[in-house]
Amino acid sequence: MKLAITSILASTAAAFTSSSFNGAALNSGVVSSSSLKMETLDDLSSLAKKLNPVVPRFDPLGLSTSNFWGTTQEETIGFLRESEVKHGRIAMFAFVGYIVHANGITWPWPMMLDGTPFPKVSSAPEAWDAIPDAAKLQIFAFIGFLEYWREANCEKHYMKGGKIGEFPAFNDKYIPGGALNLYDPFGWHKNRSEEAKAAGLVKEINNGRLAMLGIFGFISEQKIEGSVPLLKGVVPAYDGEFMAPFAKSIFPAIPSL
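What you see is a predicted model; the values in this text were computed from it and never measured. Within each chain, residue numbers correspond to sequence positions counted from 1 in written order. Two thresholds apply to this predicted model, a pLDDT of at least 70 for residue-level local features and 80 or more for giving and counting side-chain atom pairs, whereas whole-chain, interface and lining totals are computed over all residues. Side-chain numbers come from the whole structure's heavy atoms, not from hydrogens or water.

**Q** Would you mind showing me how to read the pattern of salt bridges here?
**A** When the charged atoms of two side chains with opposite charge come close together, those side chains can pair. Here, a salt bridge means any side-chain nitrogen of Lys or Arg that lies within 4 Å of a carboxyl oxygen of Asp or Glu. What the rule picks out here adds up to nine salt bridges. A salt bridge links Arg-89 to Glu-204, with the nearest nitrogen and oxygen atoms 2.6 Å apart. With Arg-89 in helix 3 (residues 73-102) and Glu-204 in helix 6 (residues 194-223), this residue pair connects regions lying 115 residues apart in the sequence. Neither Arg-89 nor Glu-204 differs from the other in exposure class; each is buried. A helix here means a DSSP run of H or I that spans at least four residues, while a strand means a run of E at least two residues long, and both kinds are numbered starting from the N terminus. Burial classes follow relative accessibility: with a 1.4 Å probe on protein chains only, a residue under 20% of its type's maximum area counts as buried, one over 50% as exposed, and anything between as partly exposed.

**Q** Looking at this model, I keep getting lost on the packing of aromatic side chains. Mind explaining?
**A** Any pair of aromatic rings gets described here by the distance separating the centres and the angle formed by the planes. Two rings from Phe, Tyr or Trp (for Trp, the six-membered ring) form a pair when their centres are within 6.5 Å of each other. A pair whose planes differ by under 30 degrees is stacked, one over 60 is edge-to-face, and the rest are tilted. As enumerated under the stated definition, the model contains 13 aromatic pairs in all. With centroids separated by 5.2 Å and ring planes inclined at 20 degrees, the aromatic side chains of Phe-95 and Phe-218 adopt a geometry described as stacked. Of this pair, Phe-95 sits in helix 3 while Phe-218 sits in helix 6, placing them 123 residues apart in sequence. A relative accessible area of 29% means that Phe-95 is categorised as partly exposed. Residue Phe-218 is classed as buried on the basis of its relative accessible area, which comes to 10%. Taken together, the ring pairs in this structure connect Phe-145, Trp-149, Phe-167 and Phe-170 into an aromatic cluster.

**Q** What should I look at first to understand the layout of surface pockets in this one?
**A** The gaps of empty space that remain are located by a probe, the size of a water molecule, rolled over the atoms. If you add up the space inside the second largest pocket, you get close to 600 Å³. Grid points spaced at 1 Å over the protein atoms alone were grouped into cavities, where a 1.4 Å probe fits but cannot get out, and pockets, open sets with protein on both sides within 12 Å along at least five of seven lines, with lining residues defined by an atom within 4 Å of a point. Around the second largest pocket, the lining comprises 20 residues; the ones closest to its centre are Arg-57, Phe-58, Asp-59, Glu-84 and Arg-209. Secondary structure elements with two or more residues in the lining of the second largest pocket: helix 2 (41-51), helix 3 and helix 6. Here the nonpolar group is Ala, Val, Leu, Ile, Met, Phe, Trp, Tyr, Cys and Pro; Asp, Glu, Lys and Arg are the charged ones; every other residue, Gly included, is treated as polar. Here the lining of the second largest pocket is composed, by residue class, of 12 nonpolar, three polar and five charged. Grid points are joined across faces, edges and corners, and a volume is the space filled by probe spheres set on the points.

Here it is as structure tokens:
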């Protein structure tokens, strides 16, 4: 459990990077009479060139031209942009975590208060299966707290013109100590220019996309040997269920027909 919490804190400290937000102005009478800066399809096309000059904007499902939950197209784009950055950060954490567990690296102290040690396994999915459900619930609760803090404490929501990828600092009244702030715990980036932050976010998106491909490569090869030729014989087979996070489902069983 200590390993999981410490790993989450360490990875998010490195990954959460604020960015500048350059988009077309959109007047929204619903939210505010002032002009909000919202990204448009043209902004996505410009971003695609920065991310990869060879591949243009890629959206085969037409998500960026949709209107999720009755919102505007620009609000939907804000949601999609935030989702990609967030999932890229999770994938970077997952990729590094997979390598750590595959090499049997653990903390030297016990995992549980009763002295239970960290499991020695050959892959990250096996490590997840080996920890008790109570520990898994603690991890999910911590993630839920981070989600709540992101949604409730930003100056502007990312679907209303706020900064993509921003993670607000913790309130010193409730959580003292700047080292607990996930984005910049050591204050190294507070004086960076908006241009430098925007360039950093472009790099982060590319790294996140690569990490998403990487972690899916790992778990694909574990389930279907040979599906990723470069990983054949490198990662062990896994006979568990990637999509079953708990040893016993919290949902009632569906009776067979």
